[in-house]
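A structural walkthrough
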Amino acid sequence: MALTFKDGVPENVHPLNVVKRMKGDLVENEMNSTSDTEEIPVGRPPLFEVYMRMAEELAKRSTCARLQVGTVITDSRLEHVVAIGYNGNARGFPNRCDSDQAGKCGCIHSEMNALVKSPGHLRDKVAFITASPCTMCAKLIIQANISHVFFRELYRDSTGVAILESAGVVAVHYTRWMDAWR
Ligand SMILES: [Zn+2]
Ligand SMILES: [Zn+2]
């Protein structure tokens, strides 16, 4: 049994990305494969990459002076965006940080902004975030029934990623296609 990853990223073990096949099976766009590691050609942007780019666009709306972050949350089938977020102050508050002190800017984190609008009853949601989450956002992600997290940049403190993984949430540093199809 060989595993093939539709987007060519072996770390992306989301069920929609993994194709199981027996040796010798014909795969779309591919002649008979003799190797377990042979890849299916990726001819168009994978949905995972498309949602990550939506998160990048959302990040541009952030008014935080320290770091701009965007988040997209989808259902388990990647068919519906169920919530979006970027970091900034609360509704009706000034569109700037409360303070320029490190760690005290007062902005609501991008993930938190998405999670408060995200339906809790939907299981195995997928999150796309432009930066890996902090420890508290990681715990909220676990609590919100998100099963897979894709992030573009690894935040300087990777504790959040370790927390996700300790709870069985798959965290994928997703960069393979960031420069393609531009
Ligand atoms: Zn801020
Ligand atoms: Zn956070």
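The structure displayed is predicted, hence computed values, not measured ones.

**Section: the environment of Thr74**
Position of Thr74 among the secondary structure elements: in strand β3 (residues 70-74). Exposure remark for Thr74: the 23 C-beta atoms within 10 Å place this residue in the buried category. Each C-alpha atom of the pair Thr74 and Val161 lies 19 Å from the other, and the pair is 87 residues apart in sequence. The residues contacting Thr74, other than those within four sequence positions of it, are Tyr51, His80, Val81, Val82, Lys125 and Val126.

**Brief notes about helix α4 (residues 159-166)**
All buried positions along α4 are accounted for by Gly160, Val161, Ile163 and Leu164. Taken down its axis, α4 places every buried residue within 160° of arc, on the same side. In the core, the buried residues of α4 are packed alongside α3 (135-143), β6 (146-153) and β7 (170-173).

**With respect to unusual backbone geometry**
Comment: phi is negative for the bulk of residues other than glycine, and the bulk of peptide bonds are trans. At Leu78, a residue that is not glycine, the phi angle is positive and equals roughly 60°. Using a count of 19 C-beta atoms within 10 Å as the deciding quantity, one classes Leu78 as partly exposed. Of note, Asp124 is a non-glycine position whose phi angle comes to about 55°, a positive value. Checked against the element boundaries, Asp124 lands in the loop between α2 (110-115) and β5 (125-131).

Conventions adopted
- Here, residues in each chain are numbered from 1, in the same order as that chain's written sequence.
- Chains and ligands are labelled by the order in which they are written, letters from A for the one and numbers from 1 for the other.
- Selection of residues for local features in this predicted model requires a pLDDT of at least 70, selection of side-chain atom pairs for listing and counting requires 80 or more, and totals for whole chains, interfaces and linings are taken over all residues.
- Counting from the N terminus, the helices are the DSSP runs of H or I reaching at least four residues and the strands are the DSSP runs of E reaching at least two.
- Whether a residue is buried, exposed or partly exposed is read from the other C-beta atoms within 10 Å of its own C-beta, which are placed from the backbone; 20 or more gives buried, 12 or fewer gives exposed, and intermediate counts give partly exposed.
- By the convention adopted here, residues are in contact when the distance between their C-beta atoms, placed from the backbone, does not exceed 7 Å.
- Our arc is simply the arc of the directions from the helix axis toward the C-beta atoms.

The analysis is restricted to geometry; functional conclusions fall outside its scope.
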